[in-house]
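# Observations on the model geometry
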Amino acid sequence: MLKHLALSLAGLSLMTSVAMAEPIKIGVVQPLTGGVAFDGNNVIKGAKLAVKEINDAGGVLGSPIELVIGDGACKPAESVSAAEKLITADKVPVIMGAFCSGATQAVMPLAEKSQIPLVTGVSSLPKLTEAGNKWFFRNAETDAMLAVAFSKSLYSDLKFKSVFFLAANDDWGRGTVDSFKHVLEGLGAKTVGTEFFEYSHADFYTLLTKVRAANPDLIVVAAETQAAATLVKQAKELSVKSKIFGVGAWATPTFMNLAGDAANGLLAGVAYAPTISGDLNKTFVSKFKAAYNEDPGKYSMSGYNTIHIIAAAIKRAGSAEPAKIREALVATDYTGPTGRLRFDAKGQIYGQSVFLVELKGGSPVVKADAKMEKPN
């Protein structure tokens, strides 16, 4: 009897030690407030779904994954403060963030100084991976990659010969304009105007009146969910006839719900749409809808893939030590809903596909796609 009791107590002790395993923390810096809070919170939704999958399968190295989330508001100073807290107080060994390119750029020196891997799933300013920061990785296409992927279809196939640019007044918006302008003008397109606006902008009538007067074939817009939805609704009110092509969160349920009828017929260049083919994507869409009662979008996919990439690196490293995680990230070879993803020598992801979609009846219809090959 005593022997059986001792065995039972030993088993209970073992179960308790397993249940009480220390979690492996992943720091997250995203805009949870401010003009792009819709999008930052969608990153979090995807990240949390990935964590649930990982933990349901037994976690990593016998420990559950735990997200420690800070609000960077897409502002450099606030993002640095959030990252500093994650590193010094929460002792995270790796960070995902910080969404806006300017915010991520501000966090990069801190990650390098602290020797903590920083992985962005969103920031697309090309020069981020040109900085030579070996602690930085980008699981996202760059503005330049998008411009190359879509400009030929816009100019040669769809015959848009004149272009007006409207973009958010930050590193991402300006980088997007520079990249698309360079490629489109190289193909022969004519730029007839360029205007920038703040994320908090809610009145686009003056800018759109200028666009209407210029009467371009195409308006290229770099804007996130809230500003983009407001802009296209006001364009419809002003009867702007030019075709609109957007980059940002344009194929997401949130954007299409906010834009309403004004979303119909819009073109968008996106890294993800829930309508893309493939069994892994069908499974992801099904799980996401079960969790959140909506289709996933670009940013929820970003959070999902990035957390899986980080967790896989921790598993390969056999350790939650930052330096070993960094070494394992270099060797990333992850296949998810958007394809087989690997990092080049500069920490830039490649292998994913991007899609030119047309929004119809609340759904993104894929018109063309291009694979992001390894940069030269």
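As a starting point, this report considers the structure included with it. Owing to the predicted nature of the structure, the values given are computational and were not obtained by experimental measurement.

## Brief notes about the sheet that holds strand E12 (residues 339-343)
Spatially, the three strands line up as an open sheet ordered E11-E12-E13, and their pairing is antiparallel. At either margin of the open sheet sits one strand with a lone partner, and together these are strand E11 (334-336) and strand E13 (349-350). When E11 meets E12, the two strands line up antiparallel, connected through three bridges. Pairing of Thr 335 across the sheet is with Arg 340, part of E12. Against the sheet, helix H11 (residues 298-317) engages E11 and E12, with an angle of about 150 degrees to E11.

## Some words on the packing of helix H5 (residues 143-157) against helix H6 (residues 171-187)
Helices that pack against each other are described as a pair by the angle of their axes relative to one another and the distance between those axes. Relative orientation of the contacting elements H5 and H6 amounts to 40 degrees, with a least axis distance of 9 Å. Considering the angle they form, H5 stands oblique to H6. Both H5 and H6 take part in a crossing whose hand is right-handed. Contacts between H5 and H6 pair Asp 143, Ala 144, Leu 146, Ala 147, Val 148, Phe 150, Ser 151, Lys 152 and Tyr 155 from the former with Trp 172, Gly 175, Thr 176, Ser 179, Phe 180, Val 183, Leu 184 and Leu 187 from the latter. Along the lines of polarity and charge, the residues of the contact of H5 with H6 split into eleven nonpolar, four polar and two charged.

## So, helix H10 (residues 279-292)
Spanning 14 residues, H10 covers 20 Å between terminal C-alpha atoms, matching the ideal 20 Å at 1.5 Å per step. Those residues of H10 lying buried are Asn 281, Phe 284, Val 285 and Phe 288. The arc that holds the buried residues of H10, viewed along the axis, is 100 degrees, so those residues lie on one side. In H10, those exposed residues whose orientation departs by more than 90 degrees from the buried face are Asp 279, Lys 282 and Ala 290. Contacts from the buried residues of H10 go to helix H2 (37-56) and H11. With its phi angle positive at about 60 degrees, Asn 293 sits one or two positions after the end of H10.

## A short note on the state of the cysteines
Under the counting rule described, the total for this entry stands at one disulfide. Across a sulfur-sulfur distance of 1.9 Å, Cys 74 and Cys 100 are joined as a disulfide pair. Disulfide Cys 74 to Cys 100: torsion about the S-S bond roughly 95 degrees, handedness right-handed. Here Cys 74 is found in the loop between strand E2 (65-71) and helix H3 (76-88), whereas its partner Cys 100 is found in the loop between strand E3 (95-97) and helix H4 (101-114), with 26 residues between them in sequence. Given the relative accessible area of 7%, Cys 100 is considered buried.

## Examining the pattern of salt bridges
Under the criterion given, the structure shown has 13 salt bridges. For Lys 45, the salt bridge is made with Glu 294, and the minimal N-O distance between the two is 3.0 Å. Here Glu 294 lies in the loop between H10 and H11 and Lys 45 lies in helix H2, a separation of 249 residues in the sequence. One continuous salt-bridge network, built from bridges that share partners, spans Lys 243, Glu 358, Lys 360 and Lys 367.

About the thresholds
- Throughout this description, residue numbers start from 1 for each chain and increase along the sequence as written.
- Local features in this predicted model are restricted to residues of pLDDT 70 or higher, and side-chain atom pairs are both shown and tallied only at a pLDDT of 80 or more, whereas totals for entire chains, interfaces and linings draw on every residue.
- Working from all heavy atoms in the structure, the side-chain values ignore hydrogens and water.
- Criterion used throughout: strands pair if DSSP finds at least two bridges between them.
- Strands here mean DSSP runs of E at least two residues long; helices mean DSSP runs of H or I at least four residues long; both are numbered from the N terminus.
- Should any heavy atoms of two residues lie within 4.5 Å, those residues are counted as being in contact.
- Axis angles are defined between N-to-C directions and span 0 to 180 degrees, where every axis is a line fitted to C-alpha atoms and, for a helix, only to the segment in contact.
- Each angle receives one of four descriptions, namely roughly parallel if under 35 degrees, roughly antiparallel if over 145, roughly perpendicular if within 65 to 115, and oblique otherwise.
- Each helix crossing is assigned a hand: it is left-handed if the near helix lies turned anticlockwise from the far helix by less than a right angle, otherwise right-handed if that turn is clockwise.
- Residue type decides the class: Asp, Glu, Lys and Arg count as charged, Ala, Val, Leu, Ile, Met, Phe, Trp, Tyr, Cys and Pro as nonpolar, and the leftover types, Gly among them, as polar.
- Here a helix's expected span is defined as the number of its residues, less one, multiplied by 1.5 Å.
- Burial classes follow relative accessibility: with a 1.4 Å probe on protein chains only, a residue under 20% of its type's maximum area counts as buried, one over 50% as exposed, and anything between as partly exposed.
- By definition, the arc is the one covered by directions from the helix axis to the C-beta atoms.
- Here, two cysteine sulfur atoms that lie within 2.5 Å of each other are counted as a disulfide.
- Salt bridges, as used here, are contacts in which a Lys or Arg side-chain nitrogen is within 4 Å of a carboxyl oxygen on Asp or Glu.

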